[in-house]
Amino acid sequence: MKIVIIGGGFAGVNMANELANNKSFDVTLVDKNNYNFFPPLIYQVATAYLEPSAISYPFRRYYSKKKNIHFRLGELVSVKAEQNIAVLHNGEIEYDALVFATGAETNYFGMENVRKNSIPMKTLNDAIEMRNKLLQRMEKATLQKNSRERRKYLNIVVAGGGPTGVEVSGMFAEMRNGILRKEYPELATSVSNIYLVDGADAVLAPMSKQSQQDTYDALTKLGVIIKLNARVTDYVDDTVHLENGETILSKNLIWAAGVSAKSFEGIPVESYGRGKRMIVDEYNKVANTTNIYAIGDTCFQTSDAAFPNGHPQVAQVAIQQGKHLAKNLKKSLNKQPLVPFKYNDKGSMAIIGKNKAVVDLPSPKMHFKGFLAWLMWLFIHLLSLITFRNRLVTFWNWMISYFSMDQPLRMIIRPEKKNKNTEVK
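Only a predicted model underlies this, so the values are computations on that prediction, with no experimental measurement involved.

Criteria and thresholds
Residues numbered from 1 in each chain as written. Predicted model: local features only at pLDDT ≥ 70, side-chain atom pairs only at ≥ 80, totals over all residues. Heavy atoms only, no water. Helix = DSSP H or I, 4+ residues; strand = E, 2+ residues; numbered from the N terminus. Buried < 20%, exposed > 50% of the residue type's maximum accessible area, 1.4 Å probe, protein only. Contact = heavy atoms within 4.5 Å. Areas by Shrake-Rupley, 256 points an atom, 1.4 Å probe, with all protein chains shown as cover. Lys, Arg positive; Asp, Glu negative; His and termini not counted. Charge placed at Lys NZ, Arg CZ, Asp CG, Glu CD. Pairing = 2+ DSSP bridges. Axes fitted to C-alpha atoms, helices over the stretch in contact; angles between N-to-C directions. Right-handed = clockwise from strand over helix to strand, strands pointing away. 1 Å grid on protein atoms, 1.4 Å probe; cavity = no way out; pocket = protein on both sides within 12 Å on 5 of 7 lines; lining within 4 Å. Points joined across faces, edges and corners; volume = space filled by probe spheres on them.

Points about the overall build of the chain
Phase 1 of the analysis: For the chain, the count of helices and strands is 12 helices and 25 strands.
Phase 2 of the analysis: For the chain, buried positions account for 50% of its 425 residues.
Phase 3 of the analysis: Long-range contacts, defined as pairs at least 24 residues apart, comprise 63% of the intrachain contacts of the chain with a sequence gap of at least 6.
Phase 4 of the analysis: Accessible surface computed for the chain: about 20,400 Å², of which carbon and sulfur atoms make up 52%.
Phase 5 of the analysis: Distance between charge centres in the chain, computed from 54 positive and 39 negative side chains, equals 5 Å.

Here we look at the sheet that holds strand β8 (residues 91–94)
Phase 1 of the analysis: Spatial strand order, β6-β7-β8: 3 strands in an open sheet with antiparallel pairing. A strand with exactly one partner marks an edge of an open sheet, and here the two such strands are β6 (76–80) and β8. Strand after strand, the sheet turns through a mean of 25° between neighbouring axes, direction not considered.
Phase 2 of the analysis: Judged from the 4 bridges that link them, β6 and strand β7 (residues 85–88) form a sheet pairing that is antiparallel. The residue of β7 that forms the bridge with K80 is I85.

Details of the pairing of strand β2 (residues 26–31)
Phase 1 of the analysis: Of all 6 residues in β2, 5 are buried; the element is thus mostly enclosed.
Phase 2 of the analysis: Where strand β1 (residues 2–6) lies against β2, 5 bridges are found, and the strand directions are parallel. Pairing of V4 across the sheet is with T28, part of β2.
Phase 3 of the analysis: Crossover handedness for the path β1 to helix α1 (residues 10–19) to β2: right-handed.
Phase 4 of the analysis: Across 5 bridges, the pairing between β2 and strand β5 (residues 69–73) is parallel. Each residue of the ladder has a partner; that of V30, found in β5, is R72.

As for the sheet that holds strand β21 (residues 292–294)
Phase 1 of the analysis: The 5 strands lie next to each other as β5-β2-β1-β9-β21, forming an open sheet whose pairing is parallel. One side of each edge strand has no neighbouring strand; the edge strands of this open sheet are β5 and β21. The sheet shows a mean angle of 20° between the axes of neighbouring strands, taken without regard to direction.
Phase 2 of the analysis: The pairing of β1 with strand β9 (residues 97–100) spans 4 bridges and is classified as parallel. If you follow I3 over to β9, its bridge partner there is A97.

What to know about empty space enclosed by the protein
Phase 1 of the analysis: Counted under the stated rule, the structure contains 1 cavity of 30 Å³ or more.
Phase 2 of the analysis: The calculated volume of the largest cavity comes to roughly 350 Å³.
Phase 3 of the analysis: Considering the residues around the largest cavity, the lining is formed by 23 residues, among which M138, L154, I156, R176 and L180 are closest to the centre.
Phase 4 of the analysis: Of all the secondary-structure elements, those providing two or more residues to the lining of the largest cavity are α5 (124–141), α6 (147–154), α7 (163–177) and α8 (179–183).
Phase 5 of the analysis: Examining the composition of the lining of the largest cavity, we find that 4 residues originate from one element, α5, more than from any other.

Details of the environment of A257
Phase 1 of the analysis: Note on placement: A257 falls in the loop between β18 (252–255) and β19 (259–260).
Phase 2 of the analysis: Take A257: its relative accessible area is 34%, and that puts it in the partly exposed class.
Phase 3 of the analysis: C-alpha separation for the pair A257 and I380, spaced 123 residues apart in sequence, amounts to 24 Å.
Phase 4 of the analysis: Every residue in contact with A257, bar those within four places of it in the chain, is listed here: F109, A159 and G160.

Re the environment of V114
Phase 1 of the analysis: Relative to the helices and strands, V114 is located in helix α4 (residues 112–117).
Phase 2 of the analysis: What makes V114 buried here is its relative accessible area of 0%.
Phase 3 of the analysis: Ignoring sequence-local partners within four residues, the contact set of V114 consists of Y108, V232, D234, Y235, L253 and W255.

So, in C-alpha cells, the structure goes:
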C-alpha cells in the first residue's frame, strides 16, 4: 500500500514511525524542509539559548535505516483525487492513501500591516530571523541619542497570551534583567519595557484558573507589563495599536496570537471547517473523499465525545492521531474493524522563567507551579525531542544556561545581501 504523508511535524513523523519496517506499506514523507524541528522550543532558538541544530534533525538521516520509508523534498501544490496523484512543486507522486499532516501557519486575522511588519514565531526560519533582528536592533539602540527613538528599539511587544507568548515574554524579561544589562552598558540607564498583550481576559486561557493566576503573578514580578482584553488592531510607523485605543511605541512586535490551517486545490471546499481545518470523521478520513486523511492541527474532528468542538491544536493530539491512523491502516489491510479516535489528554504546561513553570494534569486533577513544575516541563520536553543527540545537546545547553545565567550564542549570522537596502531598520 502506497502511503504519502504531506508534512513532517509531530503528526507525520509519528505516523511514519508507526509504519516503519512494515513491508505492507511503502511510505513517502513529503516536506518543504529537509529536517524535522521541535516547535515548542523555537522561542529558545529565537532568544539565542539554543542552536537551531539542537531542536532539528535531517529526515534522510533519521529514516536512513527504515527501508520502507522514503523522503521527498517538496511542497504540495494540488491534489488530483480521481487519479490518486499529489502534485508537488517539483513533480507528481501517486498514492493509495494520502495523509495531510501539514500543521498550521501564522494567522494575522487579515491585518496586512501586522503581517508585513511583525516578527512571526512559527518556523525555524522565523526563529533565526527573530534572533538576528533583535540583536541588530539592540546594536542600533546603542547608537541612538534620542531617548524616544532608543525606546522604540528596546521595547518588545508580544501579541498572544498562550504558551508561546508567555514563554518568550518570560525569557526576554530574564535576559533584560541580567544578560543584556551586562553586555550593553550603554543601555544600562535606558527605559525598556516588555509587553504581553492578548484579547482574552487571562493568559494561558485553556489552562486552569490557578495556572493563569500563577503565570500572571510570575510575569508581573519579572517586570512584564500584561495587557488583557487588548487585541492588536494595527501596526504602523513603529506603533502598535490596541483595540482599546492604546498605542505602544516599538519596532519589535512578536506575533504569537493565532494560527490557521492551509487549504489546497483539489480538496472540496465543503471539506473545510473552522480555521481552514479539514473536516474528518472518527477515523480521520476527510469529508467528501474516499482515501484522503488529515491528522494534527490541520484537521477538525467533532466525533470525540469529550471534545465536541474539535481537539486543541497541540502536539499531543497530533502525536496520538498519527499513531492511531497508522494502526487503523494496518487493521484495514487485515480486514479488521477500525477503532474511532479518542484523545487522551495528558495535561498542559508552560514555562515562565528559571525555576518557574505551571503544569495542569487532568486525571487526577492536579496543579503544579514553581520549581517542581519547571523540572516536569524540562523532562517532558527533553523526552519529546526526536533523537538522543537532540536531547543531549539541548540538555547540555540548558545546564550551561542554568549555572552560568548566560548562553554565548548571540551571534548575528545572516547571508550576505547584495542589496544593502535590505538591512534591518
